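Chain by chain, the residues:
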Amino acid sequence: MISTPVLGVIVLIYLMIIFYLGMLGYKKTKEIDDYMVAGRHINPYILALSYGATFISTSAIIGFGGAAGALGMGLLWLAVMNIIVGILIAFVFFGSRTRRMGLRLKAVTFPELLGRRFQSRFIQGFSGALIGIFMPLYAGIVLIGGARFVETTLGINYDVAVLLLTVIVAAYVITGGLIAVMYTDALQGVFMFIGMLVLLALTYVKLGGIAEAHQALTAMTPLVPDSLAAGGHMGWTAMPAFGSPIWWTLVSTLILGVGVGVLAQPQLAVRFMTVENDRALNRAVLVGGPFILMMTGVAFTVGSLSNAFFYNTEGLISVAVAKGNTDLIIPQYINSAMPETFVILFMLTLLAAAMSTLSSQYHTMGTSIGHDFYRQFIKRGEVGNTVNITRLGIATTILISVILAYILPISIIARATAIFFGLCAAAFLPMYAGALFWPRMTREGAIASLIVGTFASLFWLGFVHAKEAVPLGICKFIFGTDTLLTGTWTVVDPILVATPLAAVVAVAVSYMTKPTSTEHLKKCYGK
Amino acid sequence: MLGIEDPKIWIAYILCIAGAISCMIYGIMKWNDGEETEVCS
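Residues numbered from 1 in each chain as written. Chains lettered and ligands numbered in written order. Predicted model: local features only at pLDDT ≥ 70, side-chain atom pairs only at ≥ 80, totals over all residues. Heavy atoms only, no water.

A.B. asks: Would you take a moment to explain the overall build of chain A for this structure?
C.D. replies: From N to C terminus, chain A includes 23 helices and 0 strands. Over its C-alpha atoms chain A spans a radius of gyration of 22 Å, differing by no more than 12% from the 24 Å that the globule rule assigns to 527 residues. When the backbone C-alpha atoms are referred to their principal axes, chain A occupies close to 70 × 55 × 40 Å. Counting every position in chain A, which comprises 527 residues, the buried fraction comes to 64%. Long-range pairs, those at least 24 residues apart, make up 83% of the contacts in chain A with a sequence separation of at least 6. When the accessible area of chain A is evaluated, it comes to approximately 18100 Å², of which 70% is carbon and sulfur surface. Across chain A, the centroid of the 31 positively charged side chains sits 12 Å from that of the 21 negatively charged ones. (Helix = DSSP H or I, 4+ residues; strand = E, 2+ residues; numbered from the N terminus. Rg over C-alpha atoms; globule rule 2.2 N^0.38 Å. Buried < 20%, exposed > 50% of the residue type's maximum accessible area, 1.4 Å probe, protein only. Contact = heavy atoms within 4.5 Å. Areas by Shrake-Rupley, 256 points an atom, 1.4 Å probe, with all protein chains shown as cover. Lys, Arg positive; Asp, Glu negative; His and termini not counted. Charge placed at Lys NZ, Arg CZ, Asp CG, Glu CD.)

A.B. asks: I'm lost on helix α9 (residues 210-218) of chain A in this one. Help?
C.D. replies: Every α-helical turn comprises 3.6 residues, leaving residues that sit three or four positions apart pointing alike. Those residues of α9(A) lying buried are Ala213(A), His214(A), Leu217(A) and Thr218(A). Taken end-on, α9(A) shows its buried residues confined to a sector of 140 degrees, consistent with a single buried face. Buried residues in α9(A) make contact with α8 (158-206) and α13 (278-314) of chain A together with α1 (7-29) of chain B. (Arc of directions from axis to C-beta.)

A.B. asks: In this structure, what is going on with the interface of chain B and chain A? I would like to understand it.
C.D. replies: For an interface, size is often stated in terms of accessible area lost upon the parts coming together. With 30 residues of chain B in contact, the opposing surface of chain A contributes 38 residues. A buried area of about 3000 Å², summed over both sides, lies between chain B and chain A, and 70% of it is on carbon and sulfur atoms. In this assembly, chain B and chain A are joined by 0 salt bridges. Viewed at the interface, chain A and chain B are joined by 9 residue pairs in polar contact (both at pLDDT 80 or more). (Buried area = accessible area lost by both parts, 1.4 Å probe. Salt bridge = Lys/Arg side-chain N within 4 Å of Asp/Glu carboxyl O. Polar contact = N/O pair within 3.5 Å; in protein donor to acceptor, adjacent residues only side chain to side chain.)

A.B. asks: Just to check I follow, could you spell out the environment of Thr184(A) for this structure?
C.D. replies: Residues and elements named next belong to chain A. You can see Thr184 is positioned in helix α8. In this structure the side chain of Thr184 is engaged in a polar contact, spanning 2.7 Å, whose partner is the backbone oxygen of Ala180. Here Val181 takes part through its backbone oxygen, which lies 2.9 Å from a polar atom of the side chain of Thr184.

A.B. asks: Please explain the pattern of salt bridges as it appears in this structure.
C.D. replies: Opposite charge on two side chains permits them to pair, given that their charged atoms come into close proximity. All names here are of chain A. Inspection of the entire model under this criterion finds 6 salt bridges over all chains. Here Arg271 ties to Asp185 by a salt bridge, and the two come within 3.0 Å at their closest N and O atoms. Of this pair, Arg271 sits in the loop between α12 (266-269) and α13 while Asp185 sits in helix α8, and the two are 86 residues apart along the sequence. We note that Arg271, like Asp185, is buried. Through salt bridges with shared partners, one network takes in Arg99, Arg100 and Asp278.

A.B. asks: Sorry if this is basic, but what is going on with unusual backbone geometry here?
C.D. replies: Where the residue is not glycine, phi is negative for most of them; where a peptide bond is considered, it is trans in most cases. Residue and element names in this part refer to chain A. For Arg40, which is not a glycine, the phi torsion comes out positive at approximately 60 degrees. By the secondary structure assignment, Arg40 is in the loop between α2 (32-37) and α3 (44-55). Phi at Lys323 is positive, roughly 50 degrees, even though this residue is not glycine. Locating Lys323 in the fold gives a position in the loop between α14 (318-321) and α15 (329-337). On the accessibility criterion, Lys323 (75% relative accessible area) is exposed.

A.B. asks: Sorry, what's going on with the environment of Ile83(A) here?
C.D. replies: For Ile83(A), the position within the fold is in helix α5 (residues 76-104). A C-alpha to C-alpha distance of 11 Å links Ile83(A) and Leu286(A), two positions 203 residues apart in sequence. With residues up to four places along the chain from it excluded, the contact list for Ile83(A) reads Leu88(A), Gly289(A), Ile292(A), Leu293(A), Cys16(B), Gly19(B), Ala20(B) and Cys23(B).

A.B. asks: Would you mind going over the packing of α5(A) against helix α18 (residues 413-437) of chain A with me for this structure?
C.D. replies: Between two packed helices, what matters for the description is the angle formed by their axes and the separation of those axes. Residues and elements named next belong to chain A. Running from N to C, α5 and α18 point in directions that differ by 70 degrees, and their axes come no closer than 10 Å. The pairing of α5 with α18 is recorded here as roughly perpendicular in orientation. Between α5 and α18 lies a crossing whose hand is left-handed. From α5, Phe93, Phe94, Arg97, Thr98 and Met101 reach across to α18, where they touch Leu429, Tyr432, Ala433, Ala435, Leu436 and Phe437. For the contact of α5 with α18, a count of residues per class yields 9 nonpolar, 1 polar and 1 charged. (Axes fitted to C-alpha atoms, helices over the stretch in contact; angles between N-to-C directions. Parallel < 35°, antiparallel > 145°, perpendicular 65-115°, else oblique. Left-handed = near helix turned anticlockwise from the far one by under 90°. Nonpolar A, V, L, I, M, F, W, Y, C, P; charged D, E, K, R; others polar.)

A.B. asks: Help me understand the packing of aromatic side chains, please; the structure alone is not making it clear to me.
C.D. replies: One pass over the structure, following the stated rule, counts 27 aromatic pairs over all chains. With a centroid separation of 5.4 Å and an interplanar angle of 85 degrees, the aromatic rings of Phe309(A) and Tyr333(A) are classed as edge-to-face. With Phe309(A) in helix α13 and Tyr333(A) in helix α15, this residue pair connects regions lying 24 residues apart in the sequence. Like Phe309(A), the residue Tyr333(A) is buried in the burial classification. The ring of Trp31(B) carries Arg283(A) above its face, with NZ or CZ at 4.1 Å from the centroid. (Phe/Tyr/Trp six-rings, centres within 6.5 Å; stacked < 30°, edge-to-face > 60°. Lys NZ or Arg CZ within 6 Å of the ring centre and 35° of its normal.)

This is the structure we're talking about:
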């Protein structure tokens, strides 16, 4: 526990700067484009930091860092995906086309871009509703991550921590729109970068050097608990046994689910539409790559190495120290291993990580419900009561997120993130990729892909993937069995089944239906 | 390498760093590309 007055003053200063940036966003917001896509004039570095800070939430640091504490450094493959797919491929291949098409079609949200490319209000409305319904799950676990750290560091009641975080973020998102969100994200990104850099350096120093630290962790292989060893765990510096349940969870759910799912994240894709030219996107890559390395690369390495630290000091592995709740591994490690001043810095790092992701989620959920679902789908483009519905949408989704943060079970952070990313990949990725790269893709193909991707993913979660199907109990209730399929199928993540299926359906239906008119394609692609 | 025996892990460790460096190289090489702001509509 650290000195509360010191931390209080620092947090207060931090919050004052956040509010100042929120005000700045509010003042600069004059038109709908400002609120939705920051007027399309965002600076490249702000874009990069905002994209990175939104991408990396407390769930990446606390949840996945904790998962690395349990599963080991195999999670570094996710960091590789985060950098190569999440930054390089996302910005270079998806970013530029998204920006251009968004501008040509005057789209201000991710569902609107898809809806206009395929001339379908249904696509926009359905996508908006899907985001409005499922993103609260993701926002809920981001809240858990932030609140857990506040709880362990300040000794504040967890419930109070959840409410505090929510109220502060909601205030500047509702008033300042995406400009406020991105400005505050950028500042938060800087805090996160410094915090994680220091965390890495101190961890290696504490364990006697880079190679020494890794060697100490390798030497702990015999200490893997029997329950994990039976699942395929081969030590914290080795990949799990190929084909084992832990291998499938690591590779299909965590590495692929989150690693690929990032391409179709609505709150990230909309950011490509906030800059005025491709140069800004190119420059953003320069900052984005190292930023993500410092986030997930460091979180997964330090999460794994926490085992060596706890073994040296307490004779226990991290999961045992955290009493089985992997979400507590990183907070416990920071509090036990780091000097008090760093705990304060890291507290801000995590607060920043939680707030930057939450603000974007609230913004995306609100615009999905108010703009995409209500205005474009229900009111067929009329302005109607859009502003109030957007606010109501933000309020409702925030409420659901808070309720979820109270009721979700322990060790849920990494898995719930993966569920949301996987669902987005299945529902949106084939359609989004087709929208940008494949003019032959038709409206019918896109709709079929959206529906098949969504429901195949949900079906697999509810009836086959044991980790969700068993606790949900729907399959048991209807069919009297925990899962419809058995064996390895029950550990294969929905993304591996639903996304390819949606892609095949997209191609097949597109070829079976009438091509989009050349005139419209010219409008979309510009030539 | 780096105190890690399993090549599947140390390759990932190195790829993370290489990936970040590639991003930096790309950003520098393309520093002034794509300056035009207008697109035909």
